[in-house]
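# Structural overview
Spelled out from the first residue to the last, the chains are:
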Amino acid sequence: QVQLVEFGGGLVQAGGSLRLSCAASGLPWFDAMAWFRQAPGKEREFVAAIIRTTGTTYYADFVKGRFTISSDNAKNTVALQMNSLKPEDTAVYYCAARQSGLYSSQSNYPYWGEGTQVTVSS
């Protein structure tokens with residue numbers, strides 16, 4: 001059974017930090033994991049991705065310098081360290097895994113978690 005489970009969401013004040021984690025199980029081989037987010041009333045958007053084989057990371061411009069994605073391939077986990085959080089970072093954050101294709105395109109990710117809420121107060 002394919003399963004991605006996110007951990008670590010919560011409420012934090014602006015300027016604070018949170019660390020999200022995602023554990024994957026039951027997946028066939030996959031080459032990248034990513035985080036997307038969806039704020040109320042907005043489309044889901046790409047946040048960050050990491051290529052498992054090379055460790056290459058990609059970030060959306062709005063999180064560069066503030067968020068860091070990392071992975072533990074042996075444990076099939078991916079983490080997102082979020083620093084200097086802003087109220088506009090408030091969203092449901094989703095973990096996803098893919099086998100190929102453009103790293104920032106949601107359509108290339110067949111495996112998704114259910115999401116974890118991150119709320120940043122001003």
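Here the structure is shown first, and the text comes after it.
Criteria and thresholds
- Residues numbered from 1 in each chain as written.
- Predicted model: local features only at pLDDT ≥ 70, side-chain atom pairs only at ≥ 80, totals over all residues.
- Heavy atoms only, no water.
- Helix = DSSP H or I, 4+ residues; strand = E, 2+ residues; numbered from the N terminus.
- Rg over C-alpha atoms; globule rule 2.2 N^0.38 Å.
- Buried < 20%, exposed > 50% of the residue type's maximum accessible area, 1.4 Å probe, protein only.
- Contact = heavy atoms within 4.5 Å.
- Lys, Arg positive; Asp, Glu negative; His and termini not counted.
- Charge placed at Lys NZ, Arg CZ, Asp CG, Glu CD.
- Disulfide = S-S within 2.5 Å.
- Salt bridge = Lys/Arg side-chain N within 4 Å of Asp/Glu carboxyl O.
- Pairing = 2+ DSSP bridges.
- Axes fitted to C-alpha atoms, helices over the stretch in contact; angles between N-to-C directions.

With that settled, consider the overall build of the protein. Across its full length, the protein holds zero helices and 11 strands. Listed N to C, the secondary structure of the protein is β-β-β-β-β-β-β-β-β-β-β in terms of helices and strands. Taking 2.2 N^0.38 as the reference for a compact globule, 122 residues should give roughly 14 Å; the C-alpha atoms of the protein span a radius of gyration of 13 Å, in line with that estimate. Dimensions of the protein along its principal axes, counting C-alpha atoms only, are 40 × 25 × 25 Å. Burial analysis of the protein (122 residues in total) assigns 41% to the buried set. Residue pairs at least 24 apart in sequence account for 55% of intrachain contacts in the protein once pairs closer than 6 positions are excluded. Counting 10 positive and 9 negative side-chain charges, the protein places the centres of these two groups 4 Å from one another.

What follows is about the state of the cysteines. The tally for this structure, following the rule as stated, stands at one disulfide. Covalent S-S linkage joins Cys22 and Cys95, the inter-sulfur distance amounting to 2.1 Å. With the S-S bond torsion at -80°, the cross-link from Cys22 to Cys95 turns out left-handed. Separated by 73 residues along the polypeptide, Cys22 in strand 3 (residues 18-25) and Cys95 in strand 9 (residues 91-98) bring together distant segments of the chain. In this structure Cys22 comes out as buried when scored by relative accessible area, which is 1%.

On to the pattern of salt bridges. Within this structure, the stated rule accounts for five salt bridges. Arg37 serves as the salt-bridge partner of Glu45, at 2.8 Å between the closest nitrogen and oxygen. With a relative accessible area of 31%, Glu45 lands in the partly exposed category. Given the relative accessible area of 6%, Arg37 is considered buried.

Time to look at the sheet that holds strand 3. Through backbone hydrogen bonds, the strands of a sheet pair up, either in parallel or in antiparallel fashion. An order of 1-3-8-7 is seen for the four strands of this open sheet, with the pairing classed as antiparallel. Either end of the sheet is taken by a strand with one partner, and the two such strands are strand 1 (3-7) and strand 7 (67-72). The average undirected angle you get between the axes of adjacent strands in this sheet is 15°. Two elements, strand 1 and strand 3, share five bridges in a ladder whose sense is antiparallel.

Shape is all these values report; function is a separate question.
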